[in-house]
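# A structural walkthrough
Chain by chain, the residues:
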Amino acid sequence: MAIHRFVLLASLSLVLFGLETAVSQQQQQSQVPCLYIFGDSLVDNGNNNRLLSLARANYRPYGIDFPQGATGRFTNGRTYVDALAQILGFRTYIPPYSRIRGQALLRGANFASGAAGIRDETGDNLGAHTSMNQQVNSYTSAVQQMLQYFRGDTNELQRYLSSCIFYSGMGSNDYLNNYFMPDFYSTSTDYNDKTYAESLIKNYTQQLTRLYQFGARKVIVTAVGQIGCIPYELARYNNRNNSTGRCNDKINNAIALFNSQLKKLVDRFNNGQLQGAKFVYLDTYKSTSDLAANGAAYGFEVVDKGCCGVGRNNGQITCLPLQQPCSDRTKYLFWDAFHPTETANILLAKSNFNSRAYAYPINIQELANH
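In this report, the structure presented in the accompanying data block is examined. Since we're looking at a predicted model, the values are computed, not measured. (Residues numbered from 1 in each chain as written. Predicted model: local features only at pLDDT ≥ 70, side-chain atom pairs only at ≥ 80, totals over all residues. Heavy atoms only, no water.)

### With respect to the overall build of the protein chain
From N to C terminus, the protein chain includes 14 helices and eight strands. Taking the intrachain contacts of the protein chain between residues at least 6 apart in sequence as the baseline, contacts between residues at least 24 apart amount to 72%. When the accessible surface of the protein chain is summed, it comes to about 15,700 Å², and 50% of that surface belongs to carbon and sulfur atoms. (Helix = DSSP H or I, 4+ residues; strand = E, 2+ residues; numbered from the N terminus. Contact = heavy atoms within 4.5 Å. Areas by Shrake-Rupley, 256 points an atom, 1.4 Å probe, with all protein chains shown as cover.)

Following this line, the structure appears as C-alpha cells:
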C-alpha cells in the first residue's frame, strides 16, 4: 500500500508541476487537430463573464493558481478539459467561444456555460447562461464559418472534423438547478426519477445527433457525478437530517438512472445508430466517488468541504469575491461548494486518458487514435 501511494503521489507531482513535459511521445503522436467542448461550469472557461448571471467566476480567488488569474474558470486553476487538452498535446488551452472567431476555430472552441443544462430552462434561477441547445447552435454557426477555409468543400471540412475530439459534459444542472429545486421548477411534479431521466436522454440524443450531423465523430460524454456528496448538498442534507458526513442518496439514486441510460445511449450510437461515430462514456460518478473514498492515497486531507466558501462544509454559500481560500489547495478535493480543485481535475483527466477504469468502451487515448 505504501508503494502504491508513493507511485500515485509521484505521478500527481509530475502532472501538476510539468504537465506539458509529462506528455509522453506516444500521447503526442495521438494528438488531434482540434477539441470542441460543451458543458456547464465544470468546464466553462469564461463564456459567462459578460452575462447577467450569478453563475460567474471571473473574480478572485477563482483562478488563484491559474497563470492568467480569474478567467471565468470555476476552480482555483485548470479545469478538467484544460488538463485534457494538455495531455492531448495542445500547447495552449482551448479558448472560450465568446472570445474566438475566424481561423482560430479550426483548433477548437469551448462552448460551455455555467448553469447550463440539457433542458433550456435549467439554471434560469441563476440568471443568463447558454443551454446545450444554444451551445449546439453556436457550434453549427462555427462550422459555417470554418467552411470558408475549405473553399466551401463540405466533404473536406467533414474529413477534418472527423479527426477532432468532441467533449460533452451535461446533466448536472438538470438535477441540481432544476429537478431538485421544486420552488423554482415543476419537473419534480411533472416527472418521477425514471421518466425524468428518460426525458433528459431523449433531448440529449437529439443534441448529440445534431453535433454528429455537423461533423462530430469522436465524442466523449460524461456521466453526472455524485451531486449528493458535494459540499453544497452535504451542508443542506445533513442540516435537515441532523447527521454528519452522509451523502444525499435520493439525489444520487436519481442521477444513477440518468447515467445508466446515457451508457446505453453510447452503445446505441456505437452500434450503428450514428454510422462511423465512436462515442466514449466517462463514468465520472465512479471516478469522483473513488477519489473521495481513497482521498488520502492521492494526497487529499479534506474531501467533504470546499477550500473556499461560507457556512457548513464551506458549502452553504459559494466562494465570495476576494475571500481568502485555504492555503494548500492540493489537500482539498473540492474548491468550492460545487467544483473540484485543479488537483482533482488533473487526476481525473489523467485517469481517463490511458485507462479503461472509468472510460467505456475505450479510453481517450484510444479514441484519439481511432
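Still more ground to cover, so stick around.
### Some details on the pattern of salt bridges
Between side chains of opposite charge, pairing is possible as soon as their charged atoms come close. Under the criterion given, the structure shown has eleven salt bridges. With a closest N to O distance of 2.6 Å, Arg73 and Asp82 form a salt bridge. For Asp82, a relative accessible area of 2% translates into the label buried. (Salt bridge = Lys/Arg side-chain N within 4 Å of Asp/Glu carboxyl O. Buried < 20%, exposed > 50% of the residue type's maximum accessible area, 1.4 Å probe, protein only.)

### What to know about the nonpolar core
In this structure, Tyr36, Tyr175 and Phe258 are the most contacted members of the largest nonpolar core, which totals 94 residues. Core analysis: the second largest hydrophobic core is formed by ten residues, Phe74, Val302, Cys308 and Cys326 among them. (Core = buried A, V, L, I, M, F, W, Y, C linked by side-chain atoms within 4.5 Å.)

### Some points on the environment of Leu42
Among the structural elements, Leu42 can be located in the loop between strand S1 (35-39) and helix H4 (80-88). With relative accessibility at 36%, the residue Leu42 sits in the partly exposed group. Note: C-alpha distance between Leu42 and Thr79 (37 residues apart in sequence) is 6.9 Å. Every residue in contact with Leu42, bar those within four places of it in the chain, is listed here: Thr79, Tyr80, Ser172, His339 and Pro340.

### Description of empty space enclosed by the protein
Considering all chains together, one arrives at one cavity of 30 Å³ or more under this definition. Reported here for the largest cavity is a volume of approximately 30 Å³. Lining the largest cavity, in full, are Ser41, Leu42, Phe74, Thr75, Thr79, His339, Pro340 and Asn345. Across the lining of the largest cavity, the residue classes tally to three nonpolar, five polar and no charged. (1 Å grid on protein atoms, 1.4 Å probe; cavity = no way out; pocket = protein on both sides within 12 Å on 5 of 7 lines; lining within 4 Å. Points joined across faces, edges and corners; volume = space filled by probe spheres on them. Nonpolar A, V, L, I, M, F, W, Y, C, P; charged D, E, K, R; others polar.)

### With respect to the pairing of strand S5 (residues 278-282)
Taking burial as the measure, the five residues of S5 include five buried ones, the bulk of the element. Neither face of S5 is left uncovered, since the one carrying Lys278, Val280 and Leu282 and the one carrying Phe279 and Tyr281 both have all their residues buried. As defined by bridge partners, strand S4 (residues 218-222) adjoins S5 across five bridges and the pair is classed as parallel. Across the sheet, Val219 pairs through a bridge with Phe279, a residue of S5. (Pairing = 2+ DSSP bridges.)

### With respect to helix H9 (residues 193-213)
Taking 1.5 Å as the rise per residue, H9 with 21 residues should run 30 Å; its terminal C-alpha atoms sit 30 Å apart, in good agreement. The set of residues buried in H9 consists of Tyr196, Ala197, Ser199, Leu200, Ile201, Tyr204, Thr205, Gln207, Leu208, Thr209, Leu211 and Tyr212. By the N-cap criterion, in which a side-chain oxygen at the helix start approaches the backbone nitrogen of a residue two or three places on, H9 is capped by Asn192, the distance to Lys194 being 3.0 Å. Count one or two residues on from H9 and you reach Gly215, which has phi positive near 110°. (Expected span 1.5 Å × (residues − 1). Polar contact = N/O pair within 3.5 Å; in protein donor to acceptor, adjacent residues only side chain to side chain.)

### Digging into the state of the cysteines
Overall, the coordinates contain four disulfides when judged by the stated rule. Between Cys34 and Cys164 runs a disulfide, and the two sulfur atoms are separated by 1.7 Å. Of this pair, Cys34 sits in the loop between helix H3 (25-29) and S1 while Cys164 sits in the loop between helix H6 (154-161) and strand S3 (165-169), and the two are 130 residues apart along the sequence. Looking at Cys164, the relative accessible area reads 0%, which means it is buried. A sulfur-sulfur separation of 2.0 Å characterises the disulfide bridge that pairs Cys307 with Cys326. Between Cys307 and Cys326, the S-S torsion sits near -105°, and that sign places the bridge as left-handed. Of the two residues, Cys307 is situated in the loop between strand S6 (302-306) and strand S7 (332-334) and Cys326 in the loop between S6 and S7; the sequence distance between them amounts to 19 residues. Residue Cys326 is classed as buried on the basis of its relative accessible area of 11%. Disulfides within the protein chain link the bonded cysteines, taken in sequence order, as 1-2, 3-4, 5-8, 6-7. (Disulfide = S-S within 2.5 Å.)

Everything listed is a geometric property; what it means functionally is a separate question.
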